[in-house]
Amino acid sequence: MSDMNRIMTIAAASLFASPALAAGDKPFFSLANTDFVVTIGFLVFIGVLLYFKVPTLILGMLDKRAEGIKSELNEAKALREEAQALLASYERRQREVQEQADRIIAHAKEEAVLAGEQARADLERSIARRLAAAEDQIASAQASAVKEVRDRAIAVAIKAARDVVARQMTAKDAAKSIDDAIAEVGQKLH
């Protein structure tokens, strides 16, 4: 009702101030005076506004608008806080993912070092096995070569001995020699 008192005060002030501004020489409270008619029209207009509670409606609409703005501000504040929380959550996740990626990279480096060491050890073992196999092959080739040289030397010696014996031996000595060899073989087999 304080708004209504304000409006009434303004209307009364305009009513009392109007006689000083009256048009022409006509009395103020006469319907022939345009200032008086305008003042009465203004007061009737204000009365109609008050009768239909227009100031209350306007104040209600302003209050609703203020409440709407206030709720929009509260909603915007809530959305801002939610966005900040979401941003903090994403930043935390990003840090966690970065830390996980760093751990994966460190683990991969460790595995690469271990795999390199394992490969080096496997290579050293493989080289050692191949060297041992090569040494065995060399030893076997040497033994084979020595055996072959011996066999060849024996074959050459036998041939030379046969030639020498054949030149020196007579038919009787050859028959005796064969008989002795047969007897010796017979004894060794039994």
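Provided above is the structure to which this section pertains.
The residue numbering used here restarts from 1 in each chain and proceeds along that chain's sequence as written. Note on the predicted model: pLDDT of at least 70 is required for a residue's local features to be given, and 80 or more for side-chain atom pairs to be given and counted; whole-chain, interface and lining totals, by contrast, use all residues. Excluding hydrogens and water, the side-chain values take into account all heavy atoms of the structure.

Draft legend 1. Inspection of the overall build of the protein at higher detail. Broken down by element type, the protein carries four helices and zero strands. Seen in sequence order, the protein has helices and strands lined up from the N terminus as α-α-α-α. Classification of residues uses two cut-offs on accessible area relative to the type maximum, computed with a 1.4 Å probe and protein chains only: under 20% is buried, over 50% is exposed, and between them is partly exposed. A buried classification covers 6% of the 190 residues belonging to the protein. Considering only contacts within the protein whose residues lie at least 6 apart along the sequence, 30% involve residues at least 24 apart. Per-residue and other accessible areas were derived by the Shrake-Rupley procedure at a 1.4 Å probe size, with only the shown protein chains allowed to occlude residues. Surface summary for the protein: the accessible area is close to 16,400 Å², and the carbon and sulfur share equals 63%. To qualify as a helix, a DSSP run of H or I must reach at least 4 residues; to qualify as a strand, a run of E must reach at least 2; elements of each kind are numbered from the N terminus. A contact between two residues is defined here by any heavy atoms of the two lying within 4.5 Å.

Draft legend 2. Region of interest: unusual backbone geometry. Residues other than glycine seldom take positive phi values, yet K53 does so here, at roughly 55 degrees. Structurally, K53 is set in the loop between α2 (34-51) and α3 (54-168).

Draft legend 3. Inspection of α2 at higher detail. When the terminal C-alpha atoms of α2 are compared, their 25 Å separation across 18 residues agrees well with the 26 Å that a helix rising 1.5 Å per residue should span. All buried positions along α2 are accounted for by F36, T39, I46 and L50. Looking straight down α2, one finds its buried side chains confined to an arc of 90 degrees; they lie on one side. Counted as exposed and oriented over 90 degrees from the buried face of α2: V38, V44 and Y51. The term polar contact refers here to a pair of N or O atoms within 3.5 Å; inside protein, the definition further demands a hydrogen-donor-capable atom paired with an acceptor-capable atom, and it admits residues adjacent in sequence only when both atoms are side-chain atoms. Sitting at the head of α2, N33 places a side-chain oxygen 3.1 Å from the backbone nitrogen of D35. Downstream of α2 by one or two residues, K53 has phi in the positive range, about 55 degrees. Expected span, for any helix, means 1.5 Å times one less than how many residues it has. Arc, as used here, means the arc of the directions from the helix axis to the C-beta atoms.

By themselves these figures say nothing about function.
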